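Examining the three-dimensional arrangement
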Amino acid sequence: MICHAFTVRCFKRLERWADRITGAAGPFFIAFACAGIFTGLFAFQDVVAATLRWKLLSWPICLLVAANMVMHYWWACTVPPGFVGEDERPLSIRTGRYFDVTPATITTCSKCLSQRPERAHHCRICNRCVLKYDHHCPVRINACVGIHNERHFILFMTYFVLACGIFAVNGFDGVLLALGASYVYTGMDPWPYRIPQIAFILIYVLAAVLSLAVLSMLSYHLWMVMHAETSVESQDFHIYRKVAKRRGETFTNSYDLGKIRNLELFFNVGKGGYPYYTLLLPMRIPPYTDGRSWARRPGYRQHGGVREGEELTDDDGQDA
Ligand SMILES: [Zn+2]
Ligand SMILES: [Zn+2]
């Protein structure tokens, strides 16, 4: 027993240190990400853009992808995620008009004592409760992902993958030229561009690797969005499913309105929301709810298969 308590205490201390280091390292990650993104854009414009075919079509697409990537990154980093009691916004006109939302149940956070609605969780790094808390992302945006910036976070990843993919496909000739192995450009200055060869090769490799890495993370996040779960809920629901199964019941996620509708609600497009084309433009679109009420499956006011007192809290070991 004593040994167990000691291990838990050590683990908690370790966790606090990790949080402190993560919090402190955040700005460096951001600086690295910004440097990478802008070097990539420069390399593309310098070396690859001139070789693109169907310029009338390819240039507007590339510009749109780049603008979306930069702006959604900026918003994901700078729009407050939705701290409970602080940056809460009233429902917009386009919100909650065409479908029913049920008020969220309110609980008290054991750490910051805020009165928070369901889906809000305490972030250890920000030391505050965040509405529809997903996770704290130190590496990409150095902030919490919550109700007000989750859309920008997902769209940034989407456009980042697209941008890296376009670069990786169209920049291959440039890499051959930089390596001095191209026979296509004989008679030309061997490297007529402003960016140094080594920098171009490095940024190309980085783009190719990151496009695959971020694509896998993006797929996972979109899978969760389609199932109307946040990262925290994904873990909680896994436990609820087991508990319900042991009783011979099935767990039902009451936020789950079907894959397409879940995606629409997340991005606040489609019926009752903004037009679909807003997904293609660098725009700030508010969430469909203020984080204090949620759209639910017809007939549900809470999840099915979970009894009162079985709900997990932030103290039950989840990453919150
Ligand atoms: Zn809290
Ligand atoms: Zn946080």
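How each quantity is defined
- Residues numbered from 1 in each chain as written.
- Chains lettered and ligands numbered in written order.
- Predicted model: local features only at pLDDT ≥ 70, side-chain atom pairs only at ≥ 80, totals over all residues.
- Heavy atoms only, no water.
- UniProt positions renumbered as here; feature names shortened; annotations may be inferred.
- Donors = N, O, S within 2.8 Å, 3.2 Å for Na, K, Ca; no water.
- Tetrahedral: all angles 85-135°; square planar, octahedral: opposite > 155°, others 65-115°.
- Buried < 20%, exposed > 50% of the residue type's maximum accessible area, 1.4 Å probe, protein only.
- Helix = DSSP H or I, 4+ residues; strand = E, 2+ residues; numbered from the N terminus.
- 1 Å grid on protein atoms, 1.4 Å probe; cavity = no way out; pocket = protein on both sides within 12 Å on 5 of 7 lines; lining within 4 Å.
- Points joined across faces, edges and corners; volume = space filled by probe spheres on them.
- Nonpolar A, V, L, I, M, F, W, Y, C, P; charged D, E, K, R; others polar.
- Contact = heavy atoms within 4.5 Å.
- Disulfide = S-S within 2.5 Å.
- Salt bridge = Lys/Arg side-chain N within 4 Å of Asp/Glu carboxyl O.

With an unreviewed UniProt entry as reference, the protein chain is termed Palmitoyltransferase, source organism Cylindrobasidium torrendii FP15055 ss-10. Under the Subcellular location (unreviewed entry) heading, UniProt states for the protein chain: "Membrane". Checking UniProt for the protein chain, the heading Catalytic activity (unreviewed entry) contains the comment "L-cysteinyl-[protein] + hexadecanoyl-CoA = S-hexadecanoyl-L-cysteinyl-[protein] + CoA".

1. Notes on the coordination of the zinc ion (ligand 2)
Around the zinc ion (ligand 2), the donor atoms from the protein are Cys 123 (SG), Cys 126 (SG), His 136 (ND1) and Cys 144 (SG), and they sit 2.0 to 2.2 Å away. Classification of the site at the zinc ion (ligand 2) rests on its four donor atoms, whose angles at the metal span 100 to 115°, yielding the label tetrahedral. On the basis of relative accessibility, which here comes to 1%, the residue Cys 123 falls in the buried class. Residue Cys 144 is classed as buried on the basis of its relative accessible area, which comes to 1%.

2. Observations regarding the coordination of the zinc ion (ligand 1)
The protein atoms that coordinate the zinc ion (ligand 1) are Cys 109 (SG), Cys 112 (SG), His 122 (ND1) and Cys 129 (SG), at distances of 2.0 to 2.3 Å. Its four donor atoms give the zinc ion (ligand 1) angles of 99 to 120° at the centre, a pattern that matches the tetrahedral case. Sequence positions of the donors to the zinc ion (ligand 1) reduce to the motif C-x2-C-x9-H-x6-C. Separated by 17 residues along the polypeptide, Cys 112 in the loop between strand 2 (106–108) and strand 3 (115–117) and Cys 129 in strand 5 (residues 128–130) bring together distant segments of the chain. Its relative accessible area of 30% is what places Cys 112 among the partly exposed residues.

3. Observations regarding the layout of surface pockets
Estimated volume of the largest pocket: approximately 780 Å³. The wall of the largest pocket is formed by 34 residues, among which Gly 36, Ile 37, Met 69, Phe 160 and Cys 164 lie closest to the centre. For the lining of the largest pocket, the secondary-structure elements that each account for two or more residues are helix 1 (2–48), helix 2 (55–78), helix 3 (150–170) and helix 5 (197–226). For the lining of the largest pocket, the element with the highest residue contribution is helix 1, accounting for nine residues. Taken together, the residues of the lining of the largest pocket sort by class into 30 nonpolar, three polar and one charged. Counted as a void, the second largest pocket has a volume near 640 Å³. As for the second largest pocket, its lining consists of 27 residues, of which Thr 105, Glu 118, Tyr 240, Glu 311 and Leu 312 are closest to the centre. Breaking the lining of the second largest pocket down by element, the ones donating at least two residues are strand 2, strand 3 and helix 6 (231–246). In terms of residues, the lining of the second largest pocket owes the most to one element, helix 6, which gives four residues. Taken together, the residues that form the lining of the second largest pocket break down as eight nonpolar, eight polar and eleven charged.

4. Notes on the UniProt feature "transmembrane region" (unreviewed entry) in the protein chain
As recorded in UniProt, the feature "transmembrane region" (unreviewed entry) lies at residues 21–44, 56–75, 159–185 and 197–218. Regarding residues 56–75, the helix share stands at 100% and the strand share at 0%, and the terminal C-alpha atoms are separated by 29 Å. In this annotation, residues 197–218 is assigned 100% helix and 0% strand; the end-to-end C-alpha distance for the span is 31 Å.

5. Some remarks on unusual backbone geometry
Of note in the backbone geometry, Trp 54 takes a positive phi value of approximately 45° without being a glycine. Given a relative accessible area of 67%, Trp 54 falls into the exposed group.

6. Side note on helix 7 (residues 259–267)
For helix 7, the complete set of buried residues consists of Arg 261, Asn 262, Glu 264, Leu 265, Phe 266 and Phe 267. For helix 7, the elements touching its buried residues are helix 3, helix 5 and strand 8 (293–295). At the exit of helix 7 stands Asn 268, carrying a positive phi of roughly 55°.

7. Here we look at the state of the cysteines
Under the counting rule described, the total for this entry stands at zero disulfides. Its sulfur unpaired, Cys 77 is 6.7 Å from the next cysteine sulfur, which belongs to Cys 34. Its relative accessible area of 25% is what places Cys 77 among the partly exposed residues.

8. Some thoughts on the pattern of salt bridges
Across all of its chains, the model carries eight salt bridges by this definition. With a shortest N-O distance of 3.0 Å, Glu 118 and Arg 296 are connected by a salt bridge. In this pair, Glu 118 is assigned in the loop between strand 3 and strand 4 (121–123) and Arg 296 in the segment after strand 8, connecting sequence segments 178 residues apart. Classification of Arg 296 by relative accessible area gives buried; the value is 9%. A salt bridge links Glu 233 to Arg 119, with the nearest nitrogen and oxygen atoms 2.8 Å apart. Here the residue Glu 233 occupies a position in helix 6, and Arg 119 occupies one in the loop between strand 3 and strand 4, the gap between them amounting to 114 residues. Comparing Glu 233 with Arg 119 shows no difference in burial state: the two are buried.

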